[in-house]
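Results of the structural survey
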Amino acid sequence: MGDGPLLLRSMLFVPGDSERKLARAQFVHADALIVDLEDSVDASRKVRARELTAEFLGDRAAIRARSVWVRANAATDARFADDVAAAVEAHADGIVLPKPRSAADVLTLSKLLDDLEPRAGRTRGATKILPIATETPSSTLALGGYAECGPRLAAVTWGAEDLSEALGAATAVDTRGGWLPPYELVRSLCLLAAAAAGVVAIDTVYTDFADLDGLARSAAAAVRDGFTGKLAIHPDQIEILNRTFQPTTDAVVAARAVVAAFAAAGGAGVVAHGGRMLDRPHLLRAQRVLALAAAVDSPTDGDNLH
């Protein structure tokens, strides 16, 4: 894969057992597809979903997305190892790990990938990992551990549905659709965990796929707070996500000016720019904006993870 920065503005879930939806997903310009072997697939269809996923990945030239991931069943599931082995054999770009109990499950997956990749003719480290790190209470209370997961960790995301079930909650949102306090907390902790691990944070799904105005508001809030992308459940959500998480022209111009100001200061830790005093966090933020803008402008070659 190429050496460009990770681009995950939009990550679309596609049921792995639906030939119709997989065929449609080929033409969706999401940054990433997540072929699902877990929650969207009935137990009686799990093996067939794995087979269809391998076939889908075998025709990468037909897929418009920059990367293709596979959501395996959880590490506690008997199907986990076979799911991962099939994904590696089919050269998936990454594994989405649901319901981790803690970062230890990511490390277990990483070791399994170390063993599988050479057998599949892949470079060790080629397959990245994205944990949905808040689907169990134990993982939510141990989010700091994800900083120790190593270079396979590509990003951290969060989810509310499984967590609300584990908590026995009737709902995760209020009457206006806003997150209730436990899930606002979890969302914030996801951002902190990703920052501590030095990776990007991906916001959870907006489940009302017909409410595109609501999606736009949710995505804008995610950008404001520091998320760099969002999970999606419907192709109609992709254009809004790609546009919202792409740096604006004004943001790119401002970021270039900040980088130039630090360069002109000859390595100074604090510079005066635009009537403000800027320090290293401002520089790092500007560099992230420019890296994301460069990734958006790079060719869509399905090869942006390495």
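In this report, we go over the structure that sits alongside the text. Numbering of residues starts from 1 in every chain and runs along the sequence as written. Residues qualify for local features only when their pLDDT is at least 70, as the model is predicted, and side-chain atom pairs are given and counted only at 80 or more; totals for whole chains, interfaces and linings, by contrast, use all residues. Side-chain measures here rest on the full set of heavy atoms in the structure, leaving out hydrogens and waters.

**Points about the sheet that holds strand S3 (residues 67-71)**
Here is the rule: Whether two strands pair depends on DSSP finding at least two bridges between them. In this text, helices come from DSSP runs of H or I with a minimum length of four residues, and strands from runs of E with a minimum of two, each type numbered from the N-terminal end. As a rule, the C-alpha atoms of each element are fitted with a line to give its axis, helices using only the stretch in contact, and angles between N-to-C directions run from 0 to 180 degrees.
Reading across from one edge, S5-S4-S3-S2-S1-S8-S7-S6 is the order of the eight strands in this open sheet, with parallel pairing throughout. Both edges of this open sheet fall to strand S5 (128-131) and strand S6 (155-157), since each of them pairs with a single strand only. Across the sheet, the mean angle from the axis of one strand to that of its neighbour is 30 degrees, orientation sign disregarded.

**Side note on the packing of helix H3 (residues 80-89) against helix H4 (residues 103-119)**
For any two helices packed against each other, the geometry is given by the interaxial angle and the distance between the axes. Heads up, the condition is: Orientation is classified from the angle alone, with under 35 degrees giving roughly parallel, over 145 giving roughly antiparallel, 65 to 115 giving roughly perpendicular, and any other angle giving oblique. Left-handed describes a crossing whose near helix is turned anticlockwise from the far helix through less than a right angle; right-handed describes the clockwise counterpart. By definition in these notes, contact holds between two residues if any of their heavy atoms fall within 4.5 Å. Asp, Glu, Lys and Arg are counted as charged, while Ala, Val, Leu, Ile, Met, Phe, Trp, Tyr, Cys and Pro are counted as nonpolar; the rest, among them Gly, fall into the polar class.
Where H3 contacts H4, the axes come no closer than 10 Å and their chain directions differ by 45 degrees. By the angle between their directions, the pair H3 and H4 is classed as oblique. As for how H3 packs across H4, the hand of that crossing is right-handed. Contacts from Phe80, Ala81, Val84, Ala85 and Val88 in H3 reach Leu109, Leu112, Leu113, Leu116 and Glu117 in H4. Among the residues forming the contact of H3 with H4, the class breakdown is nine nonpolar, no polar and one charged.

**Details of empty space enclosed by the protein**
For the record, the criterion: Definitions used throughout: a 1 Å grid over protein atoms alone; a cavity as a set of points that fits a 1.4 Å probe which cannot get out; a pocket as an open set with protein on both sides within 12 Å along at least five of seven lines; a lining residue as one with an atom within 4 Å of a point. Grid points are joined across faces, edges and corners, and a volume is the space filled by probe spheres set on the points.
Counted under the stated rule, the structure contains one cavity of 30 Å³ or more. For the largest cavity, the full set of lining residues is Leu37, Arg50, Thr53, Ala54, Val70, Asp83, Ala86 and Ala87. Each residue belonging to the lining of the largest cavity can be placed in one class, and the counts come to five nonpolar, one polar and two charged.

**As for the pattern of salt bridges**
Which entries qualify depends on this criterion: When a carboxyl oxygen of Asp or Glu is within 4 Å of a side-chain nitrogen of Lys or Arg, the pair counts as a salt bridge. Relative accessibility thresholds used throughout: buried, under 20% of the residue-type maximum; exposed, over 50%; partly exposed, between the two (1.4 Å probe, protein chains only).
Counting across every chain of the model gives 21 salt bridges. Of the charged contacts in the structure, one is a salt bridge between Glu51 and Arg48, with a shortest N-O distance of 3.3 Å. Linking Glu51 with Arg48, this pair stays in helix H2 (residues 46-57), spanning three residues, or about one helical turn. Assessed through its relative accessible area of 40%, Glu51 is described here as partly exposed. We note a salt bridge from Arg60 to Asp93, for which the minimum N-O separation is 2.8 Å. One end of the pair, Arg60, is in the loop between H2 and S3; the other, Asp93, is in the loop between H3 and strand S4 (94-97), with 33 residues separating them in the sequence. On the basis of relative accessibility, which here comes to 25%, the residue Arg60 falls in the partly exposed class. Judged by its relative accessible area of 1%, Asp93 is buried. In this structure, a network of salt bridges that share partners links the residues Asp36, Glu38, Asp39, Arg71, Lys99 and Asp162.

**Brief notes about helix H10 (residues 249-264)**
Each α-helix turn comprises 3.6 residues. Residues three or four places apart therefore point the same way. As a reminder, the rule being used: To estimate how far a helix should extend, the number of its residues minus one is multiplied by 1.5 Å.
For H10, which comprises 16 residues, the first-to-last C-alpha distance of 23 Å matches the rise-based estimate of 22 Å (1.5 Å per residue) to within 8%. Of the surrounding elements, those touching the buried residues of H10 are strand S9 (271-273), strand S10 (276-278) and helix H11 (280-297).

**Considerations on helix H7 (residues 181-197)**
Heads up, the rule is: It is the directions from the helix axis to the C-beta atoms whose arc is reported.
End to end, H7 covers 24 Å across 17 residues, agreeing with the expected 24 Å (1.5 Å per residue, within 8%). Taken as a whole, H7 has its buried residues at Tyr183, Val186, Arg187, Cys190, Leu191, Ala193 and Ala194. Projected onto a plane normal to the axis of H7, the buried residues spread over an arc of 165 degrees and lie on a single side. Turned more than 90 degrees away from the buried face of H7, the exposed residues are Pro181, Leu185, Leu192, Ala195 and Ala196. Elements in contact with the buried residues of H7: helix H5 (137-140), S6, helix H6 (161-167), strand S7 (200-203) and helix H8 (212-225). In the segment just after H7, Gly198 is the residue with positive phi, at about 75 degrees.

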